[in-house]
Amino acid sequence: MQLLLIHSDYIEFEAQRPTKMAEEVGEDARSGRLEEALTAFIAVEKFDQDDPEAVVARAAEEIADVALKVKADRIMLYPYAHLSSELSDPDTAITVLKGLQESLSTDFQVVKAPFGWYKAFKLSCKGHPLSELSRSIRMGGGEVVSKALKSEEKAVSYWRILAPGGERMVPVEEFDFADHKKLDKFARYEIEKSRAVDKVPPHVELMRRLELVDYEPGSDSGNMRFYPKGRLIKGLLESYVLDRASDLGAMEVETPIMYDMDHPTLKNYLDRFPARQYTIDAEKKHLFLRFAACFGQFLMASEMVMSYRNLPLKIFEITRYSFRREQRGELVGIRRLRAFTMPDMHTLCLDMNSAVEEFREQYQASISVLKEAGLDLDDYEVAIRFTKDFYESNKEFVEGLVDIVEKPVLIEMWDERFFYFVLKFEFNFVDALDKASALSTVQIDVENAERYGITYVDASGEKQLPILLHCSPSGAIERLMYALLEKGAMDTASGKVPMFPVWLSPTQLRIIPIAERHQPRAMELVHLLPFRVDVDDRDETVGKKIRDAGREWIPYVAVIGDEELESGEMTVTIRAESQPSKPKKVRMSVEDLSSRIEGETRGKPWRRLPLNERLTLRPRFV
RNA sequence: GCCUCGGUAGCUCAGCCGGCCAGAGCGAGUGACUUGUAAUCACUAGGUCGCGUGUUCGAAUCACGCCCGGGGCUCCA
């Protein structure tokens, strides 16, 4: 027996006309409707004829089990021949269906749709993980109960480790991870999905304590509020990634955040991912919120006139926001969100050679972007995934990618292509609780040019399909902030002083006047220095002010007292060179400090301090 | 979506086997101190005990429902 179980908001059917094997039913049984029901589509098969009673018992058990799990009180038994190609004879089918109805009726309200009729039906599927299940029931011989949440069969994955030089493509279980603890954690996370966490990840406390980001109970889960300092950091990162994309030759565009679900191109793309997006009903349209920038950019590209001379061509957008209705259990802090900011660049390439070339360039650009944002190669692990075919014809290229990072990477190879891409890489951050999440990624897409009708004209005047690259040089901006916070927490745990890169620090220099009479000089310095400088003018002790500046991760803290008034110099605590309870203090001229900060922030975006420069005039957000 | 834990002052939390005036620390306000590198002292204000319904003479405390958050499961183009 084949079962397809759908937890539905409602199911209704109406028998249209009988086939020659139709069972006799009265007028009132020819239509029906159930609310909040588990719908069981059922195909009774040849094998079931041997022992119909056992099949009924077993199937009733399965159905009841699922109904209890999803808390459905009602069950719709719906004969559905199309689930199997080896159907039983009609008599057995009717016997089994009636048996099921009887057996389940003790605990549930059961409705059975008539067997052998052409029926029209309407069904609304709930879309949670247990809402769509299929079961195969085979009695006797091998009692196999297969379970699939997705109808598409998954291709086989091979997991390998590819190290620079030396031995190539070692099966994961044979690789010696002794010097690669984080890669080990990442590989286990990817392959086994192993998790054993009972703590709140440390970035959650930090994002609030540093007054960056917070939950917004008035919205949906995973939609955050950003306080001024958080908005500053986020805005700087956004500007930076845009600058870097522009350096690569990308053109910034802006596309809508919502799309028509019934648009023919989008529809077939969407059908593969039901219930993952936010939907909006407006007038006559059924809209969904984008979960990436692909739609808008591909629709735009499909109407552009391009020749081979224009390629490779890059289009870039920072989606504020992309929306994915991730499951609530997955949402913690800002690691994964339902509304997130995604830099998304698409490159149209002439052919695979050009695509591979671009891929390498974007791979290197991604490494550089993360580095400037504060994440080194040590801070994340590399995964490269490809189809077997791609690997066979591009071995040296793939090995070259590994040599660039000079450390072993996790490889996933598929027998056959079952996504839209043939090659992708991701940089995965492994956090303080050993959870992995993807940051930068690039994919070579061989499917969507055709789906969206994107073409260019080649030298001989023929239309050609380009190869598409999807690239997010940094990954979601919020996730980058999460990684920086988690890195800070790990630094703290290992006895280091955490900090953001100077260009990202909300306050770059804090000035602490010792007594009130030093405040005028402090304010003077604020306006003299072209950085984000503020003054702790609170009526507190110097010790307290130093401590608070440290808790804010401020990279430079200058104390101004009588000595400094006299000499014109400053006593600066340099966070980057300090150790816990061992602050590094240096006497510096204003010019020296200025040129030092200037050197550390050169070439990066800048925004002014988003708060009042006097601490006493600032509100608290958290 | 399911299971589980939690929601008390702006923040962190105590109280919670029904009944003492609902508390502490931090933060905020006021005053004193004018300070030299990781928490100065005193005073004051601040609470629909997440929301709703019920049980009870009486509910922060018990029950049920809902909302929000943490963890697990499931899932993750």
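Residues numbered from 1 in each chain as written. Chains lettered and ligands numbered in written order. Predicted model: local features only at pLDDT ≥ 70, side-chain atom pairs only at ≥ 80, totals over all residues. Heavy atoms only, no water.

1. Side note on the packing of helix α4 (residues 202-209) against helix α12 (residues 477-493)
Keep this limit in mind: Every angle, taken between N-to-C directions, lies between 0 and 180 degrees, and every axis is a line fitted to C-alpha atoms, over only the stretch in contact when it is a helix. Numbering of helices and strands runs from the N terminus, with a helix taken as a DSSP run of H or I at least four residues long and a strand as a DSSP run of E at least two residues long. The labels follow the angle: roughly parallel below 35 degrees, roughly antiparallel above 145, roughly perpendicular from 65 to 115, and oblique for the rest. Contacts were defined at the residue level, with two residues in contact if any of their heavy atoms lie within 4.5 Å. For this scheme, ten residues count as nonpolar: Ala, Val, Leu, Ile, Met, Phe, Trp, Tyr, Cys and Pro. Four count as charged, namely Asp, Glu, Lys and Arg, and the remainder, Gly too, count as polar.
At a minimum axis separation of 9 Å, α4 and α12 run at an interaxial angle of 105°. When the axes of α4 and α12 are compared, the pair comes out roughly perpendicular. Residues P202, H203, L206 and M207 of α4 touch α12, and the partners they reach there are Y482, L485, E486 and A489. In terms of residue class, the contact of α4 with α12 is built from six nonpolar, one polar and one charged.

2. Some remarks on the sheet that holds strand β15 (residues 285-289)
Our working definition: Should DSSP find at least two bridges between two strands, the strands are taken to pair.
Spatial ordering of the open sheet is given by β13-β15-β14, a layout of three strands whose pairing is antiparallel. Of all strands in the sheet, those bounded by a partner on one side alone are β13 (258-260) and β14 (279-282). Here the strands of the sheet are splayed against their neighbours by 35° on average, with no regard to which way each runs. Here β13 pairs with β15 via three bridges, running antiparallel. Within β15, the residue paired with D260 across the bridge is L287.

3. Some points on the domain arrangement of chain A
Quick note on the threshold: What counts as a domain boundary in this text is fixed by an automatic or database domain assignment.
Domain parsing of chain A yields domain 1 (2-138), domain 2 (156-252 + 291-487) and domain 3 (502-617). Distance between the C-alpha centres of domain 1 and domain 3: 72 Å.

4. Examining the pattern of salt bridges
Stated precisely, the cut-off is as follows: Each salt bridge in this description consists of a side-chain nitrogen of Lys or Arg and a carboxyl oxygen of Asp or Glu lying within 4 Å of one another. Relative accessibility decides the category of a residue: with a 1.4 Å probe and only protein chains considered, values under 20% of the type maximum give buried, values over 50% give exposed, and everything between is partly exposed.
Throughout the structure, instances matching the rule amount to 43 salt bridges. Salt-bridge contacts for D214 lead to R208; the nearest nitrogen and oxygen are separated by 2.9 Å. Under the relative-accessibility criterion, D214 is labelled buried at 6%. The salt bridge partner of E552 is R510, with a shortest N-O separation of 3.1 Å. Here E552, found in the loop between α14 (542-551) and β27 (556-560), pairs with R510, found in strand β25 (residues 509-513); they are 42 residues apart in sequence, far enough to count as distant. Connected through salt bridges with shared partners, the residues E211, K229, R510, D534, E552 and R618 form a single ionic network.

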